[in-house]
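Here is what each chain is made of, one letter per residue.
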Amino acid sequence: MEGLRRETELIKTLGYTGKCLVNPRQIDVVHEVFAPKQEEIDYALQVIDAIKRARLMGTGVISLGGRMVDAPVVKRAARVLRTAHAHGLVDEIIDEEAIHGAE
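Because the structure is predicted, anything quoted here is derived from the model rather than measured.

Some details on the overall build of the protein
Secondary structure summary: the protein contains five helices and two strands in total. The secondary structure elements of the protein, listed N-terminal to C-terminal, are α-α-α-β-β-α-α. Taking the principal axes of the C-alpha coordinates as reference, the protein spans close to 50 × 25 × 25 Å. A buried classification covers 32% of the 103 residues belonging to the protein. The contacts of the protein with a sequence gap of at least 6 include a subset with a gap of at least 24, amounting to 53%. In the protein, which carries 14 positive and 16 negative side-chain charges, the distance between the mean positions of the two groups comes to 5 Å.

Below, the structure written as structure tokens:
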């Protein structure tokens, strides 16, 4: 199971969002690794707030902590929050239309 955990952590860092399993005993390990950590959730919420401010200013890009927040970053943040919601880590789902506006 430790090998499974290490491999799953590696593929998560590579951008994968899931993993195929061959044994039901592996489910808990994979769910634990892919469940967003609190710092990921906090950053995703900051991204969503930043892009909402950008929309109010009439732009689709804004800086957050010296880094550019644009559509791909926002989509990643929304995915983190949807995953967190599925794991019961956040109460409400993010309104995608409020984030993206009329694209």
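There's more to say after this.
As for the pattern of salt bridges
Close approach of charged atoms lets side chains of opposite charge pair. Under the definition given, this model contains four salt bridges. Between Arg5 and Glu2 there is a salt bridge, and its shortest N-O distance comes to 3.7 Å. Taken as a pair, Arg5 and Glu2 lie in helix α1 (residues 2-13) at a separation of three residues, close to a single helical turn. Between Glu40 and Lys12 there is a salt bridge; the shortest N-O distance is 3.3 Å. Of this pair, Glu40 sits in helix α3 (residues 38-56) while Lys12 sits in helix α1; the two residues are 28 residues apart in sequence, bridging distant segments of the chain. It is possible to trace a salt-bridge network through shared partners that takes in Glu2, Arg5 and Glu32.

A look at the packing of α1 against helix α2 (residues 27-34)
Interaxial distance between α1 and α2 falls to 10 Å at its minimum, and their mutual angle equals 35 degrees. For the element pair α1 and α2, the recorded crossing hand is right-handed. Along its contact with α1, which presents Leu4, Arg5, Thr8, Glu9, Ile11 and Lys12, the element α2 presents Val29, Val30, Glu32, Val33 and Phe34. Here the contact of α1 with α2 is built from residues that sort into six nonpolar, one polar and four charged.

Calculation notes
- Numbers given to residues run from 1 along each chain, matching the order in which its sequence is written.
- In keeping with the predicted nature of the model, local features appear solely for residues at pLDDT of at least 70, side-chain atom pairs appear and are counted solely at 80 or more, and the whole-chain, interface and lining totals rest on all residues.
- Excluded from the side-chain calculation are hydrogens and water; included are all heavy atoms of the structure.
- Secondary structure elements are defined from DSSP: runs of H or I of at least 4 residues count as helices, runs of E of at least 2 residues count as strands, and each element is numbered from the N terminus.
- Whether a residue is buried, partly exposed or exposed follows from its accessible area with a 1.4 Å probe, protein chains only, as a fraction of its type maximum: under 20%, in between, or over 50%, in that order.
- Contacts are assigned to residue pairs that have any heavy atoms within 4.5 Å of one another.
- In this tally Asp and Glu are treated as negative and Lys and Arg as positive; neither His nor the chain ends contributes.
- A single reference atom marks each charge: NZ on Lys, CZ on Arg, CG on Asp, CD on Glu.
- In the sections that follow, a salt bridge refers to a side-chain nitrogen of Lys or Arg positioned within 4 Å of a carboxyl oxygen of Asp or Glu.
- The axes used here are C-alpha line fits, helices contributing only the stretch in contact, and every angle between their N-to-C directions lies in the interval 0 to 180 degrees.
- Handedness of a crossing is defined here by the sense of rotation of the near helix relative to the far one, left-handed for an anticlockwise turn of less than a right angle and right-handed for a clockwise turn.
- In this classification, the charged set is Asp, Glu, Lys and Arg, the nonpolar set is Ala, Val, Leu, Ile, Met, Phe, Trp, Tyr, Cys and Pro, and all remaining amino acids, among them Gly, are polar.

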